[in-house]
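Here is how the chains run, residue by residue.
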Amino acid sequence: MPGSGGTPVTRSTLRQQIADALRDEVLAGRLQPGQEFTVKQIADQYGVSATPVREALVDLSAQGLLESDHHRGFRVHQFTVDDFRDMVETRSLVIDGIVQHALRAGRTRVNAATVAPVRRRAEEADRAARGGDLDILIGYDLRFWRELGTIVSNRYISDFLHQLRVQIWVFAMPHLRIEPDVRRWLFRGYEELVDALVSGEVEAAREVLCAYNDLSLSWAARLDERLSS
């Protein structure tokens, strides 16, 4: 049975609230990769009818977080290290495309006032990464990139990258929680990236993002070694 009681859910936005609550369960590791559950279990947990639960689970399946089994219900999708590498590569290619488009359009500087709330997320994310606090970091990380994405790219690209980032965290969290030196593998360039964007230093921003991808791929190589030993 997933979760431990669940937060009471109001009836006005049941579908979205249930989807958000279950996504948080997966990201927090309370729902483990491969774990199975039924619509009835979730409906009983939140004290709601089966219809909004089924809709929420279908939504999460469409986002790649769950798998549907007609006879057994749903299970949390189990991403592999190769999946993680592909997601990092996809993230890199899309962001590089955003940078190239900004250069061609002559939009290389982000307004400091506009990005002020994002900077606050950056400060908190960097602080959590330095402390190795995954539970705090994941929230600020997702908000940082989502808000930054709405500033520097169109909504469709921002939504796609957000979904991809959630999938990356779903894969990474169980592994990061057992890393003996987790801080070594956490990105700590949020504020540096914001500074580069505000200053219009595109190459500096690109270097931060390349370092981020290199760190992710180095961690993937470490995981390969650990999982094969």
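Just so you know, the residues in each chain are numbered from 1, in the order the chain's sequence is written. The model is predicted, so local features are restricted to residues of pLDDT at least 70 and side-chain atom pairs to those at 80 or more, both for listing and for counting; the totals for chains, interfaces and linings are taken over all residues. Only hydrogens and water are set aside; all other atoms, that is, all heavy atoms of the structure, feed into the side-chain values.

### Brief notes about helix α7 (residues 155–176)
Okay, so step 1: Taking 1.5 Å of rise per residue, the 22 residues of α7 would be expected to cover 32 Å, and the 30 Å separating its terminal C-alpha atoms lies within 8% of that figure.
Okay, so step 2: Maximal helix bending in α7 amounts to about 25°, located at V170; proline P174 follows within four positions.
Okay, so step 3: The N-cap of α7, judged by a side-chain oxygen 3.0 Å from the amide nitrogen of Y156 a few residues on, is N154. Only DSSP runs of H or I reaching four residues or more are called helices, and only runs of E reaching two or more are called strands; each is numbered from the N terminus. A helix's residues, less one, multiplied by 1.5 Å, set its expected span. Throughout, bend refers to the angle between the axes fitted to the seven residues that end at a position and the seven residues that start at it. Polar contact criterion, stated in full: a pair of N or O atoms within 3.5 Å, where within protein one must be able to donate a hydrogen and the other to accept it, and residues adjacent in sequence count only if both atoms are side-chain atoms.

### Quick look at the pattern of salt bridges
Okay, so step 1: Salt bridges are defined as contacts in which a side-chain nitrogen from Lys or Arg sits within 4 Å of a carboxyl oxygen from Asp or Glu. The final tally for this structure, using the stated rule, is 21 salt bridges.
Okay, so step 2: The salt bridge partner of R127 is E124, with a shortest N-O separation of 3.0 Å. Separated by three residues within a single helix, R127 and E124 lie in helix α5 (residues 116–131), roughly one turn from each other.
Okay, so step 3: Here R165 makes a salt bridge to D141, at a shortest N to O gap of 3.6 Å.

### With respect to helix α3 (residues 50–62)
Since there are 3.6 residues in each turn of an α-helix, residues three or four apart along the chain are aligned in direction.
Okay, so step 1: Taking 1.5 Å per residue, 13 residues should reach 18 Å; α3 reaches 18 Å between its end C-alpha atoms and fits that length.
Okay, so step 2: The classification of residues rests on relative accessible area computed with a 1.4 Å probe and restricted to protein chains. Under 20% of the type maximum is buried, over 50% is exposed, and intermediate values are partly exposed. Along α3, the residues classified as buried are P52, V53, A56, L57 and L60. In a view along the axis of α3, the buried residues occupy a sector of 135°, so they form one face of it.
Okay, so step 3: Here, two residues are considered to be in contact whenever any of their heavy atoms come within 4.5 Å of each other. Contact partners of the buried residues in α3: α1 (14–27), β1 (36–37), α2 (39–46), β2 (66–69) and β3 (73–76).
Okay, so step 4: Just downstream of α3 lies G64, where phi reads positive at about 85°. Arc definition: it is the arc formed by the directions from the helix axis to the C-beta atoms.

### Some words on the nonpolar core
It is characteristic of soluble globular proteins that their nonpolar side chains tend to be buried jointly.
Okay, so step 1: The biggest cluster of nonpolar side chains holds 69 residues, and the ones touching the most others in it are F144, W145, L176 and L193.
Okay, so step 2: Top element by residues in this core is α7. It accounts for ten residues. What we call a nonpolar core is a set of buried Ala, Val, Leu, Ile, Met, Phe, Trp, Tyr and Cys residues that are connected through their side-chain atoms within 4.5 Å.

### Quick word on the pairing of β3
One face of the sheet, then the other: side chains in a regular strand alternate in exactly this way.
Okay, so step 1: Looking at chain direction, β1 and β3 are connected through two bridges and run antiparallel. Bridge assignment links E36 to a residue of β3, and that residue is R75.
Okay, so step 2: Only strands joined by at least two bridges in the DSSP assignment are considered to pair. One ladder, built from four bridges, connects β2 with β3; its direction is antiparallel. Note on β3: the bridge partner recorded for E67 is R75.
Okay, so step 3: Between β2 and β3, which follow one another and run antiparallel, lie three residues.

### Digging into empty space enclosed by the protein
Okay, so step 1: A cavity here means a set of points on a 1 Å grid, drawn over the protein atoms and nothing else, where a 1.4 Å probe fits but cannot get out; a pocket is an open set with protein on both sides within 12 Å along at least five of seven lines, and a residue lines either one if it has an atom within 4 Å of a point. Grid points are joined across faces, edges and corners, and a volume is the space filled by probe spheres set on the points. Throughout the structure, instances matching the rule amount to two cavities of 30 Å³ or more.
Okay, so step 2: Considering only enclosed or pocket space, the largest cavity measures out at about 220 Å³ in volume.
Okay, so step 3: What lines the largest cavity is a set of 17 residues, among which W169, L176, W185, Y212 and S216 lie closest to the centre.
Okay, so step 4: Going through the elements one at a time, α4 (81–105), α6 (134–152), α7 and α9 (202–228) are the ones with two or more residues in the lining of the largest cavity.
Okay, so step 5: Among the elements that make up the lining of the largest cavity, the one with the highest residue count is α7 (five residues).
Okay, so step 6: Residue polarity is assigned by list, with Asp, Glu, Lys and Arg as charged and Ala, Val, Leu, Ile, Met, Phe, Trp, Tyr, Cys and Pro as nonpolar; anything else, Gly included, falls into the polar class. When the residues that make up the lining of the largest cavity are grouped by side-chain class, the tally is 13 nonpolar, one polar and three charged.
Okay, so step 7: As a volume, the second largest cavity reaches approximately 30 Å³.
Okay, so step 8: Here the lining of the second largest cavity takes three residues from α1, the largest share from any one element.

### Some thoughts on the packing of aromatic side chains
Okay, so step 1: Under the pairing criterion, centres of Phe, Tyr and Trp rings, with the six-membered ring standing for Trp, must be within 6.5 Å; the plane angle then separates stacked pairs below 30 degrees from edge-to-face pairs above 60, leaving the rest tilted. Considering all chains together, one arrives at ten aromatic pairs under this definition.
Okay, so step 2: Measuring from centroid to centroid gives 5.9 Å for W145 and Y212, while their planes differ by 10°, and the two rings are stacked. In this pair, W145 is assigned in helix α6 and Y212 in helix α9, connecting sequence segments 67 residues apart.
Okay, so step 3: On the accessibility criterion, W145 (12% relative accessible area) is buried.
Okay, so step 4: Centre to centre, the rings of F187 and Y212 are 4.1 Å apart; their planes meet at 25°, and the pair counts as stacked. With a gap of 25 residues between them, F187 in the loop between α7 and α8 (190–199) and Y212 in helix α9 connect regions that are remote in the sequence.
Okay, so step 5: The exposure class assigned to Y212 is buried, which follows from its relative accessible area of 10%.
Okay, so step 6: The rule for a charge over a ring is simple: NZ of Lys or CZ of Arg within 6 Å of the ring centre, and within 35 degrees of the ring normal. The residue whose ring lies beneath R91 is Y212, and the NZ or CZ to ring-centre distance is 4.2 Å.

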